[in-house]
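Each chain is listed here by its residues.
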Amino acid sequence: MIALRRGAAIALLLLYPIAWSAPLARASVLPFFGGREISILSGLGALWESDVILFALVALLALVAPLAKTAALIAVQWDRAPRRLLHGVQLLGRLAMADVFLIALYIVVTKGVGVGRVEVAWGLYLFTALVLAGLVLAWAEERA
């Protein structure tokens, strides 16, 4: 069972960069993107040019929190860090989930305005699944 949890954690670490570059949505209304597909990385690029503080927040929630959470989880699994670190892992997982919530909220608000078009793409589902899998994996590790 520990081998399965370890493998899952390593898979998460490898899949996050794919999720960051995967299309989250296709937007024909937003002036930053002009009909292109929006990914976490392209969104960060647009934020860097327009709002550095929001860029830092999104980078923390979408990039740093999931990676740090997964790296800490792997360190605990391989006995390189104390098990009490798992409480911090859960907090980092919740921060990453906040990012998924914000992305979904922006899509709903943009659709509600009725100007242009926003379509959810497969990358949003992938990123959400990875964040949720990380939360479940941390919970399972805590219970083990």
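Values in this document were obtained by computation on a predicted structure and should not be read as measured data.

Conventions we followed
- Within every chain, residues take consecutive numbers counted from 1 along the sequence as written.
- In keeping with the model being predicted, local features are shown solely for residues with a pLDDT of at least 70 and side-chain atom pairs are shown and tallied solely at 80 or more, while totals for entire chains, interfaces and linings include all residues.
- The side-chain numbers reported here are obtained from all heavy atoms of the structure, hydrogens and water having been left aside.
- Under the DSSP-based scheme used, a helix requires at least four consecutive residues in state H or I and a strand at least two consecutive residues in state E, with every element numbered from the N terminus.
- Relative accessibility decides the category of a residue: with a 1.4 Å probe and only protein chains considered, values under 20% of the type maximum give buried, values over 50% give exposed, and everything between is partly exposed.
- Whether two residues touch is decided by their heavy atoms; if any such pair falls within 4.5 Å, the residues are in contact.
- Think of it this way: a Phe, Tyr or Trp ring, Trp meaning its six-membered ring, pairs with another when their centres are within 6.5 Å, and the plane angle makes it stacked under 30 degrees, edge-to-face over 60, tilted otherwise.
- Charge-over-ring placement is defined geometrically: NZ (Lys) or CZ (Arg) within 6 Å of the ring centre, and within 35 degrees of the ring normal.
- A patch is a set of surface residues, each over 30% in relative accessible area and not in a salt bridge, joined within 9 Å for like charges and within 5 Å for the nonpolar side chains Val, Leu, Ile, Met, Phe, Trp and Tyr.
- Areas reported here follow the Shrake-Rupley algorithm with a probe of radius 1.4 Å; residue values treat only the protein chains shown as occluding.
- Only one rule defines a salt bridge in this text: a Lys or Arg side-chain nitrogen within 4 Å of an Asp or Glu carboxyl oxygen.
- By nonpolar core is meant a set of buried Ala, Val, Leu, Ile, Met, Phe, Trp, Tyr and Cys residues that side-chain atoms within 4.5 Å join together.
- Pairing between strands is defined by DSSP: at least two bridges between the two strands are required.

**Here we look at the environment of isoleucine 103**
Then comes step 1: Here isoleucine 103 shows up in helix H4 (residues 86–113).
Then comes step 2: Residue classification places isoleucine 103 among the buried positions, given a relative accessible area of 14%.
Then comes step 3: Distance in space between the C-alpha atoms of isoleucine 103 and alanine 25 is 9.3 Å, their sequence separation being 78 residues.
Then comes step 4: Not counting residues up to four positions away in its chain, the partners in contact with isoleucine 103 are Leu24 and Leu124.

**Things to note about the packing of aromatic side chains**
Then comes step 1: Taken as a whole, this structure holds 3 aromatic pairs when the rule is applied.
Then comes step 2: Each ring, one from tyrosine 16 and one from phenylalanine 127, has its centre 6.4 Å from the other, and the planes form 70°; the classification is edge-to-face. With tyrosine 16 in helix H1 (residues 2–21) and phenylalanine 127 in helix H5 (residues 122–143), this residue pair connects regions lying 111 residues apart in the sequence.
Then comes step 3: A centroid spacing of 4.9 Å and a plane angle of 70° characterise the contact between tryptophan 48 and phenylalanine 55, whose relative ring orientation is edge-to-face.
Then comes step 4: Through successive ring pairs, a cluster of aromatic residues spans Tyr16, Trp20 and Phe127.
Then comes step 5: The aromatic ring of tryptophan 78 is capped on one face by arginine 6, whose charged end is 3.9 Å from the ring centroid.

**As for a nonpolar patch on the surface**
Then comes step 1: Judged by side-chain polarity, Ile10, Leu14 and Trp78 come together as a nonpolar surface patch covering roughly 310 Å² of accessible area.
Then comes step 2: Relative to the assigned elements, isoleucine 10 resides in helix H1.
Then comes step 3: Taking relative accessible area as the criterion, isoleucine 10 reaches 38% and is therefore assigned partly exposed.

**Topic: the nonpolar core**
Then comes step 1: Tyr16, Ile40 and Phe127 are the most contacted members of the largest nonpolar core, which has 30 residues in total.
Then comes step 2: Among the secondary structure elements, those contributing two or more residues to this core are H1, helix H2 (40–50), helix H3 (52–77), H4 and H5.
Then comes step 3: A per-element tally of this core places H3 first, with 8 residues.

**Structural notes on unusual backbone geometry**
Then comes step 1: Even without a glycine there, the phi angle at aspartate 79 is positive, about 60°.
Then comes step 2: Note on placement: aspartate 79 falls in the loop between H3 and H4.
Then comes step 3: Aspartate 79 sits in the exposed class, given a relative accessible area of 65%.

**Some details on the sheet that holds strand S1 (residues 25–27)**
Then comes step 1: An order of S2-S1-S3 is seen for the 3 strands of this open sheet, with the pairing classed as antiparallel. Across the chains shown, the open sheet's two edge strands, defined by having one partner strand only, are strand S2 (37–38) and strand S3 (118–120).
Then comes step 2: As paired strands, S1 and S2 are joined by 2 bridges and run antiparallel to one another. Note on S2: the bridge partner recorded for arginine 26 is glutamate 37.

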